[in-house]
Amino acid sequence: MENYTYFPVSKGKPLPLKGLTLPQLIREQAEKFGQKKILGFGEEDVSYREFDEKTDRIAGALQELGIKKGDRVALMFKNCLELLEGYFAVWKTGAWVVPVNPVFTPRELEYLLVDSESKMIVAGLEQYPQIEQVKEKVSSLETIILNGEKSESIPETISYKSLDKGSYKVRPVPIASDDVCQIMYTSGTEGRPKGVMTTHGGYTNNAFIRSHILELTEDDVTLIPLPLFHMFAVATFLNFVTVGGTVILMERFQTEEVLSALEKYKVTFFTGVPTMYDYLIHHPEIDRYDLGSLRLCIIAGGNVNYEVVEEFERKFDCLFIESMGQTELSPMVMINPPYRERRRLGSCGLTAYNMETRLVDENDNDVPLGEVGELVVKSPCAMKGYYKQPEATEQVFRNGWLHTGDLLRQDKDGYYYFVDRKKDMIVTAGYNIYAKELENVLMSHPAVLEAAVIAVPDETKGQLAKALIVRKEDTDLTVEELKNYAREYLAPYKVPRIIKFVSSLPHTPQGKIAKGILREIEGRK
C-alpha cells in the first residue's frame, strides 16, 4: 500500500508495528512496569505484575478444565476485575473470548452460545438465572464457572475463586499475531448477529496506533464506565496497557460517581458516548468538582451535541476528539489530531496510520471529492472474517477492501464526515440497536400483523427506537402489553421506547415496507 495515511504528522509514513499477541503484550508490560498500577476497581488496586501472574494462574486452571487453543469461552459479567482477568486468561490459552452482554435474555444468550459453539461460560452469579434456562440447549457447553458469594453452592458449576487457589501454571501455547482471539457479535442485515473474528495483532496494532496518535504516556489515567462486552471499552483498556498507563474501572455509568472518580483519581483521559457528557455537564452540582486534570476526551457512538462539547471544554480546559471505527476494524480507522488547531468538530478525523481508506459508489468506483460514498478500508487491524459465514465475509471484503456500510464524505484536507448508515441501525446512548431484530420479536406476538422500527431523534440519547404496529383484526393489544412482551426477549435498551399503533404501513412495489416514507412521516417523536 502506498501513502497509508493522510494523518498530518506522518504524511504517509507507516508506524513500525510489532504485531504482538495479547499475551506477549501483557507480559512485556508486566516486565517493564512491574508494581505500577494497571487497574483500580472500588477499593482494590492491581499492578501490572500481579495482573500478569494472576491471569497466568487462571489460564493454567482453564487448561486443566480442558480449554485449548481455538476453543470458545463466553464471558458474561458486569464490569469488574474478573472480566478483564477472564479476557487475558482465555487469550493466554489460545482460546477465543465470546463477550456477552450481562443483561441479555435467555433467548439472546442461547443464540450466541450455540452459534459460537462455546465450550465454557464464565459469569457473575447474578447472570446464572439466564444461563440456567439455556444450558441444556447448548450441546457444546461443558463447564459453567460463576463468580460471587455463595457461587460454590450452585450444583454442576465451578467457583471462579477456586481457579486462583491452586498452583496452576499456564502451559505454553504457540499463538501467532494473525490468530483469532475473540468473536464479538454484531447484528446482520436479517437481524441475526454475526460473529466478528478479531485477531491478536489486530487488537494490539490498533491499540498501539491509537495511543501513539493521542500521545498517551505511562502518566495518563483513564476511567472506564463503558461496558467491557463492547469493543469501545476493551480498546480503551488496551490503549493504556500499550503505554503502561492506569485504568480506573467502574461497574456502570452513574453521573455523580463518575464525576467523583474523575476528580479523585485525577483522570487525564476519558472516553464516552455523547449521552454521558450530556449527563455530566448538566449535573446540578457540576461546579463543585475539580476536573482540572482532564486533558483529552474522546466522544463517539452517537449524535454529538456540540453545545455540550463547547461548554465542557470551556469549563474544564480540556480537548474533545471525535473518531470513527467499527468492530470489524478492531476498532479505530480514523481520528482527529489531538490539537485544538487541527481537530475539526463534526469530523470523524483523518485516516489513521498504516491504513488506507476510500469512498466508493455502488460499483466500488471512487466518488469525486466532496461527494458521499461508502467507506472501504484496508487495515492491518481488520477482522479475519465472520464466524461460520463465508459468504458474508466474502461480500464485506469484496475487491480486497473491507466495506464498512457507512456513508461518508471527505473534504480537500483529508478530513472525513459521517453522513448515514447503509444498514438500518439505531444508536441510542452509544448502544447499537438493529431494527430487524426488534421487528422479528414484535412480529412474533400473536396480535401483531405487521411491524416496522425506525430511529427518531432524541436530545439526550441521540436516537430512540420507534415501532409502528399494525394489529390483527379483533385484537385489543395495548402499548404496555407489547412492551412487556418485548422485554421477555430483548435486553432493556433494545425495547422500543415509542410504540404507535397504525391502521396500515406503506409498501414498495416489491411488497417490502417502505421505510423511507415512514421516516418522512413518522421520523419524529
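What you see is a predicted model, and the numbers here were worked out from it, not measured in a lab.

**Student:** Would you mind showing me how to read the environment of Leu75 here?
**Tutor:** Assignment of secondary structure puts Leu75 in strand 3 (residues 72-76). Note on Leu75: relative accessible area 2%, which makes it buried. When residues no more than four places from it in sequence are discounted, the contact partners of Leu75 are Leu83, Gly86, Tyr87, Val97, Val98, Pro99, Val100 and Val122.

**Student:** I'm lost on the pattern of salt bridges in this one. Help?
**Tutor:** Oppositely charged side chains can form a pair if their charged atoms are brought close together. This structure, assessed with the given rule, holds 33 salt bridges. Note that Lys315 is salt-bridged to Asp287, the shortest N-O span being 2.8 Å. A residue pair is termed long-range when its members are at least 10 positions apart, and Lys315 in helix 10 (residues 306-316) and Asp287 in the loop between helix 9 (274-281) and strand 13 (296-299) qualify at 28 residues. Residue class for Lys315 comes out partly exposed when judged on its relative accessible area of 35%. A single salt-bridge network, built from bridges that share partners, covers Arg27, Asp52, Asp56 and Lys92.

**Student:** Would you mind showing me how to read the nonpolar core here?
**Tutor:** As a rule of thumb, nonpolar side chains are buried together in soluble globular proteins. The biggest cluster of nonpolar side chains holds 116 residues, and the ones touching the most others in it are Leu39, Phe237 and Phe270. A per-element tally of this core places helix 7 (residues 231-243) first, with nine residues. Once residues lying within four places of it in the same chain are set aside, the contact partners of Phe270 are Thr222, Leu223, Pro225, Val258, Leu262, Met276, Tyr277, Leu280, Leu294, Leu296, Cys297 and Ile298. Listed in part, the 47 residues of the second largest apolar core include Trp96, Tyr185, Leu442 and Ala447.

**Student:** Quick question: what am I supposed to make of the sheet that holds strand 11 (residues 246-249) here?
**Tutor:** Sheets are built from strands that pair by backbone hydrogen bonding, the pairs being arranged parallel or antiparallel. Taken together, the nine strands give an open sheet; going across it, the order is 2-1-11-10-12-13-14-15-16, and neighbouring strands pair in mixed fashion. The sheet is open, and its two borders are formed by strand 2 (44-47) and strand 16 (350-351), each paired with just one other strand. Pairing of strand 10 (residues 221-224) with strand 12 (residues 269-272), which is carried by two bridges, proceeds in the parallel orientation. Across the sheet, residue Leu223 finds its bridge partner in strand 12, namely Phe270. Packing of helix 2 (residues 48-64) onto the sheet brings it into contact with strand 1 (37-41) and strand 2, and relative to strand 2 it is tilted by some 85°. In the packing of helix 3 (residues 81-93) onto the sheet, contacts are made with strand 1, strand 2 and strand 11, and the angle to strand 1 comes to roughly 140°.

The rules behind the values
- Residues numbered from 1 in each chain as written.
- Predicted model: local features only at pLDDT ≥ 70, side-chain atom pairs only at ≥ 80, totals over all residues.
- Heavy atoms only, no water.
- Helix = DSSP H or I, 4+ residues; strand = E, 2+ residues; numbered from the N terminus.
- Buried < 20%, exposed > 50% of the residue type's maximum accessible area, 1.4 Å probe, protein only.
- Contact = heavy atoms within 4.5 Å.
- Salt bridge = Lys/Arg side-chain N within 4 Å of Asp/Glu carboxyl O.
- Core = buried A, V, L, I, M, F, W, Y, C linked by side-chain atoms within 4.5 Å.
- Pairing = 2+ DSSP bridges.
- Axes fitted to C-alpha atoms, helices over the stretch in contact; angles between N-to-C directions.

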